[in-house]
Amino acid sequence: MTESGLAIETRALTKKYGRITALDGIDLAVEAGSVFGMIGPNGAGKTTAMRLLLDIVRPTSGAASVLGSDPRTGGPALRRQIGFLPGELRLDARITGRALLNHFASISGPVAPGAMNAIADRLGLDLERRVRTLSKGNKQKLGIVQAFMHEPRLLVLDEPTSGLDPIVQQEFLAMVREASASGQTVFLSSHVLSEIQQAADAVAILRSGRVVTVSSVEKLRLTATRHVRAGFVGVTAAELHQALSGIPNLSGLAVVNGDGPTELTATVTGNIDPFVKAIARFTVADLSVEEPDLEESVLKLYGVDTDEASDEK
Ligand code: ATP
């Protein structure tokens with residue numbers, strides 16, 4: 001940890017490949033012990049940012065500090081404190097997963113007895129299979145074991161959930177939360193916010209090499225759109241309309257008065273509390289709130305064309 005309590009700090013970090021600006025002056029501050037997500041469509045610069053932090057490529061201008069060191073001078077001592085999962089994992093070895101991990105362990109530093117097996121078991125990975133015969137998802141699991149097994153202070157994970165089925169994704173996100181709880185810092189990327197939002201404390205939205213916004217997941221949630229549906233007993237449609245008329249962030253209100261409960265549907269943008277308080281005076285028989293599509297609402301909020309973004313996936 002640096003004196004400032006930051007595991008990663010970048011200042012105007014810029015990377016140009018000839019005429020292409022892959023990263024255009026980004027400022028990031030990642031708190032030690034936190035889970036920090038970088039979200040952006042393909043080509044946004046996520047991989048480039050991670051490569052700069054690991055000194056795989058060097059910046060055109062600007063600076064970075066990783067665990068208090070400059071990646072350009074940190075060398076193996078810094079590298080051993082980082083667990084890195086590359087975005088394009090090319091594993092083609094004829095040896096078994098276990099033999100490959102043992103090889104990585106000889107470079108990365110000590111791995112606690114049983115750590116390899118424990119992580120592989122959690123993810124459902126067979127370490128006795130030859131690496132080249134593994135499916136894409138199983139290769140990704142092998143990459144995750146490799147990144148976590150020596151309990152590094154910092155985990156840098158490029159699109160870690162890609163290729164994992166939903167149950168394994170959940171297990172992986174639990175591992176991320178546990179790593180953070182034990183003081184490790186996790187810096188991860190995804191092009192789908194919903195895949196990492198439950199694990200991330202803070203999220204940077206990247207677009208065309210620039211940071212569009214940095215926000216807590218909670219704040220993003222507060223700007224998001226939610227669809228609500230509620231059923232009431234002993235209330236007329238007119239009473240509901242009157243009770244909800246003064247709520248500015250409610251739209252599309254529709255009330256149906258059938259034989260059963262009075263049904264309401266509406267869209268709430270941002271803070272849901274005024275709506276909840278307004279309906280609380282009635283007898284609520286049923287209530288559902290549809291999880292917001294953060295990705296869509298966030299990109300819209302910052303003026304990014306979401307159709308264009310999804311085309312790039
Ligand atoms: P993806 O999810 O597709 O990996 P990303 O957000 O990680 O996207 P980067 O891979 O960092 O984005 O790429 C950012 C931009 O820099 C893209 O326009 C890409 O084409 C370009 N770029 C990246 N690496 C190189 C390179 N070695 N040479 C030339 N251009 C590059």
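Residues numbered from 1 in each chain as written. Predicted model: local features only at pLDDT ≥ 70, side-chain atom pairs only at ≥ 80, totals over all residues. Heavy atoms only, no water.

Undergrad: Please explain the sheet that holds strand β8 (residues 202-207) as it appears in this structure.
TA: Sheet strands associate in pairs through backbone hydrogen bonding, adopting either a parallel or an antiparallel arrangement. Taken together, six strands build an open sheet; the order of strands is β5-β6-β7-β3-β8-β9 and the sheet is mixed. Looking along the sheet, the strands with just one partner apiece sit at the ends: β5 (82-85) and β9 (210-216). Taking the axes of each pair of neighbouring strands and ignoring which way they run, one obtains an average angle of 15° across the sheet. Sitting on the sheet, helix α1 (residues 46-53) is in contact with β3 (35-39), β5, β6 (154-157), β7 (185-190) and β8, with an inclination near 150° to β7. (Pairing = 2+ DSSP bridges. Helix = DSSP H or I, 4+ residues; strand = E, 2+ residues; numbered from the N terminus. Axes fitted to C-alpha atoms, helices over the stretch in contact; angles between N-to-C directions. Contact = heavy atoms within 4.5 Å.)

Undergrad: Looking at this model, I keep getting lost on the packing of aromatic side chains. Mind explaining?
TA: Aromatic rings in a pair are described by how distant their centres are and how their planes are angled relative to each other. Following the criterion strictly, the structure yields three aromatic pairs and no others. Ring centres of F148 and F172 lie 6.2 Å apart, and the angle between their planes is 85°; on these two criteria the pair is classed as edge-to-face. Note that F148 is positioned in helix α5 (residues 136-148) and F172 in helix α6 (residues 166-181), a separation of 24 residues in sequence. For the pair F148 and F172, one class covers both residues: buried. Ring centres 6.1 Å apart and planes at 85° place the aromatic pair F232 and F282 in the edge-to-face group. One end of the pair, F232, is in strand β10 (residues 225-233); the other, F282, is in the loop between α10 (273-279) and β13 (283-290), with 50 residues separating them in the sequence. Above the plane of the ring of Y17 lies K15, whose end atom (NZ or CZ) is 5.2 Å from the centre. (Phe/Tyr/Trp six-rings, centres within 6.5 Å; stacked < 30°, edge-to-face > 60°. Buried < 20%, exposed > 50% of the residue type's maximum accessible area, 1.4 Å probe, protein only. Lys NZ or Arg CZ within 6 Å of the ring centre and 35° of its normal.)

Undergrad: Teacher, can you tell me more about the packing of helix α4 (residues 115-123) against α6 here?
TA: Two quantities define a packed helix pair, namely the angle between the axes and the distance from one axis to the other. Direction vectors running N to C along α4 and α6 enclose 140°, while the axes themselves pass 9 Å from each other. By the criterion of interaxial angle, the relationship of α4 to α6 is oblique. Residues I119, R122 and L123 of α4 form the contact with α6, whose own contacting residues are V168, E171, F172, A174, M175 and E178. Looking at the contact of α4 with α6 residue by residue, the classes come out as six nonpolar, no polar and three charged. (Parallel < 35°, antiparallel > 145°, perpendicular 65-115°, else oblique. Nonpolar A, V, L, I, M, F, W, Y, C, P; charged D, E, K, R; others polar.)

Undergrad: Where do I start with the pattern of salt bridges in this structure?
TA: Two side chains carrying opposite charge are able to pair once their charged atoms lie near each other. Evaluation of the coordinates by the stated rule reveals 11 salt bridges. Of the charged contacts in the structure, one is a salt bridge between E88 and R90, with a shortest N-O distance of 3.5 Å. On the basis of relative accessibility, which here comes to 69%, the residue R90 falls in the exposed class. One salt-bridge network, held together by shared partners, links R122, E171 and E178. (Salt bridge = Lys/Arg side-chain N within 4 Å of Asp/Glu carboxyl O.)

Undergrad: Got a minute to help me understand the nonpolar core in this structure?
TA: Inside soluble globular proteins, nonpolar side chains tend to come together where they are buried. In terms of nonpolar packing, the biggest core is built from 40 residues, with L142, V145, F148, L157 and F172 touching the most fellow members. Per-element tally for this core: the top contributor is α6, with six residues. The contact partners of V145, leaving out residues within four places of it in the chain, are L101, M116, I119, A120, L123 and L125. Listed in part, the 28 residues of the second largest apolar core include A7, I26, M50 and L52. (Core = buried A, V, L, I, M, F, W, Y, C linked by side-chain atoms within 4.5 Å.)

Undergrad: Even after reading the chapter, I still don't get the confidence of the model for the protein chain, so can you show me in this structure?
TA: Caution is warranted with low-pLDDT regions, since their predicted coordinates should not be read in detail. The predicted model of the protein chain has a mean per-residue pLDDT of 89, with 91% of residues at 70 or higher. Across the protein chain, β6 holds the top mean pLDDT of 98, while helix α12 (residues 306-311) sits lowest at 44. A low-confidence stretch, residues 306-313 (pLDDT under 50), is modelled with 13 contacts involving residues beyond four sequence positions or located in other chains. (pLDDT = per-residue confidence, 0-100.)

Undergrad: Teacher, can you tell me more about the pairing of β8 here?
TA: Every regular strand shows the same layout, with side chains that alternate between the two sheet faces. Extensive coverage of β8 is indicated by the burial of six of its six residues. Alternating positions in β8 separate into two faces, A202, A204 and L206 on one and V203, I205 and R207 on the other, with burial throughout. One ladder, built from six bridges, connects β8 with β9; its direction is antiparallel. Each bridged residue has a counterpart across the sheet, and for A204 the counterpart in β9 is V214.

Undergrad: What am I meant to see in the sheet that holds strand β11 (residues 250-257) here?
TA: Reading across from one edge, β11-β12-β10-β13 is the order of the four strands in this open sheet, with antiparallel pairing throughout. A strand with exactly one partner marks an edge of an open sheet, and here the two such strands are β11 and β13. Across the sheet, the axes of successive neighbouring strands diverge by a mean angle of 15°, strand direction being ignored. Relative to strand β12 (residues 262-269), β11 runs antiparallel, the two sharing six bridges. What sits directly across from N257, in β12, is T262. Strand contacts of helix α9 (residues 237-244): β10, β11 and β12, with the helix running at about 165° to β11, the strand carrying the most contacts.

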